[in-house]
Amino acid sequence: MQLAPSILAADLADFKAALGVCERGGADLVHVDVMDGHFVPNLTFGIPVVRDLARATELPLDVHLMVTHPERLLAEYLDAGASWVSAHWEAVTHLDRMMAAIREGGAKAGVALNPATPVEVLIDVLPSLDFVLLMSVNPGFAGQPFLPYVVDKARRLRRLIEDRSLHVEIEMDGGIDATNIERVVAAGVDICVAGSAIFGAETPEESAHELRRLAEGGGR
Ligand code: DX5
Ligand code: ZN
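Let me begin by describing the structure that accompanies this report. (Residues numbered from 1 in each chain as written. Chains lettered and ligands numbered in written order. Predicted model: local features only at pLDDT ≥ 70, side-chain atom pairs only at ≥ 80, totals over all residues. Heavy atoms only, no water.)

1. Points about the overall build of the protein
This is how it is decided: Put simply, DSSP marks the helices as runs of H or I at least four residues long and the strands as runs of E at least two long, and each gets a number from the N terminus on. Computation of the radius of gyration draws on C-alpha atoms, with the globule rule given as 2.2 Å multiplied by the number of residues to the power 0.38. Buried, partly exposed and exposed residues are distinguished by accessible area as a fraction of the type maximum, computed with a 1.4 Å probe on protein chains only: under 20%, between the cut-offs, and over 50%, respectively. Residue contacts follow a heavy-atom distance rule, with two residues in contact if any of their heavy atoms lie within 4.5 Å. For accessible areas, the Shrake-Rupley method is used with a probe of radius 1.4 Å. Any residue's cover is judged against the shown protein chains and nothing else.
Secondary structure assignment for the protein yields eight helices and eight strands. Computed over C-alpha atoms, the radius of gyration of the protein comes to 16 Å, within 12% of the 17 Å expected from 2.2 N^0.38 for 220 residues, which places it in the range of a compact globule. Viewed in the frame of its principal axes, the protein has a C-alpha envelope of about 45 × 35 × 30 Å. For the protein, the proportion of its 220 residues judged to be buried stands at 52%. Summarising the internal contacts of the protein: among those between residues at least 6 apart in sequence, 64% fall at separations of at least 24. Accessible surface computed for the protein: about 9,600 Å², of which carbon and sulfur atoms make up 49%.

2. A short note on the state of the cysteines
Cut-off, in case you're wondering: Working definition: a disulfide is two cysteine sulfur atoms within 2.5 Å of each other.
Under the definition given, this model contains zero disulfides. The closest cysteine sulfur to the non-disulfide-bonded C22 is located on C192, 15 Å from its own sulfur.

3. Topic: the environment of E205
Looking at where E205 falls in the secondary structure, it is placed in helix α8 (residues 204–215). By relative accessible area, E205 is classed as partly exposed at 27%. Sequence separation between E205 and A27 is 178 residues; the distance between their C-alpha atoms is 9.4 Å. Leave out the neighbours within four places in its chain, and E205 touches V21, R24 and G25.

4. A word on the coordination of the zinc ion (ligand 2)
The line we're drawing: Each metal's donors are the N, O and S atoms found within 2.8 Å of it, except that Na, K and Ca use a 3.2 Å limit; water is left out, so coordination can look incomplete. Only two sets of limits are used to name each site, 85 to 135 degrees for every angle of a tetrahedral four-donor site, and over 155 degrees for opposite donors with all other angles from 65 to 115 for a square planar four-donor or octahedral six-donor site, with any other site named irregular.
Protein ligation of the zinc ion (ligand 2) involves H31 (NE2), D33 (OD), H64 (ND1) and D173 (OD), the donor distances falling in the range 2.0 to 2.3 Å. Around the zinc ion (ligand 2), the six donor atoms sit at angles spanning 70 to 171°, and that spread fits a shape best called octahedral. For the zinc ion (ligand 2), the donor residues sit on a single chain with the sequence spacing H-x1-D-x30-H-x108-D. Taken together, the residues span a long stretch of sequence, with H64 in strand β3 (residues 61–66) and D173 in strand β7 (residues 169–173) at a distance of 109 residues. No difference in accessibility class separates H64 from D173, as the two residues are buried.

5. Remarks on the site of ligand 1
So the rule is basically this: Here, proximity means that at least one heavy atom of the residue falls within 4 Å of the molecule or strand. Identification of polar contacts relies on pairs of N or O atoms within 3.5 Å, with a donor-acceptor requirement for protein atoms, meaning one able to donate a hydrogen and the other able to accept it, and with residues adjacent in sequence counted only if both atoms are side-chain atoms. The way it works is a 1 Å grid over only the protein atoms, where trapped points that fit a 1.4 Å probe form a cavity and open points with protein on both sides within 12 Å along at least five of seven lines form a pocket, and then any residue with an atom within 4 Å of a point lines it. Think of it this way: a molecule belongs to a cavity or pocket when more than half its atoms come within 2 Å of the grid points there.
The environment of ligand 1 is made up of 20 residues, and the closest members are G140, D173, G175, G195 and S196. H31 is positioned such that a nitrogen or oxygen atom in its side chain is 3.3 Å from an oxygen atom of ligand 1. G140 places a main-chain nitrogen or oxygen 2.8 Å from an oxygen atom of ligand 1. For ligand 1, whose free accessible area comes to 380 Å², the fraction covered by protein is 99%. Judged by its atoms lying within 2 Å of the grid points, ligand 1 is housed in the largest pocket. The set of elements that each furnish at least two residues to the shell around ligand 1 consists of β2 (30–35), β3 and β8 (191–194). Top contributing element to the shell around ligand 1 by residue count: β2, with three residues.

Have a look at this one:
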């Protein structure tokens, strides 16, 4: 399991502290939620923030684009230092082209799916992907409750990947905490995003380590 703390849930007046939590908390990736006020109602970070985060940490940045027309600024996000890039199936018209452009730019290419979008829409494009991000809340805000029906989507997606002998990783994002991470990983999820469960805790680094222990079957 790879852990990807979502800095959206951190104190945004102190990005360095948030990166410190990720580093000392044993994160594998730093999840960066880009929202444009169109695809989702909220507005968050853009290219200058991604660039400065990339300069401030050795951890790879996992940039989740919740924007309409994500292809328009893709080159700039790649140049800014995004190592993993996901764009929403619901927002991209030419998905095959977009995924190829991410890979050509040297990053891992992923498709994000809203909770209501079935995983089966990805059957044909799966071989062109490095990962699929399954939203387990409706995108737009940190701190929302986990939608349990998404666990079955992870199981179905894992089956689709294995039946084709592909190496596509599954990321789950939204509402993951100590009460559900074991279920999430058991369903075949490789990468767990966690925002509030880490940054909303009294001891964020310890919470990150605790999530990993639980995900790796350590029990509570
Ligand atoms: C929601 C974002 C998530 C969110 C995760 O639109 O994509 O990454 O910040 O935060 P929690 O874990 O609090 O749901
Ligand atoms: Zn996200």
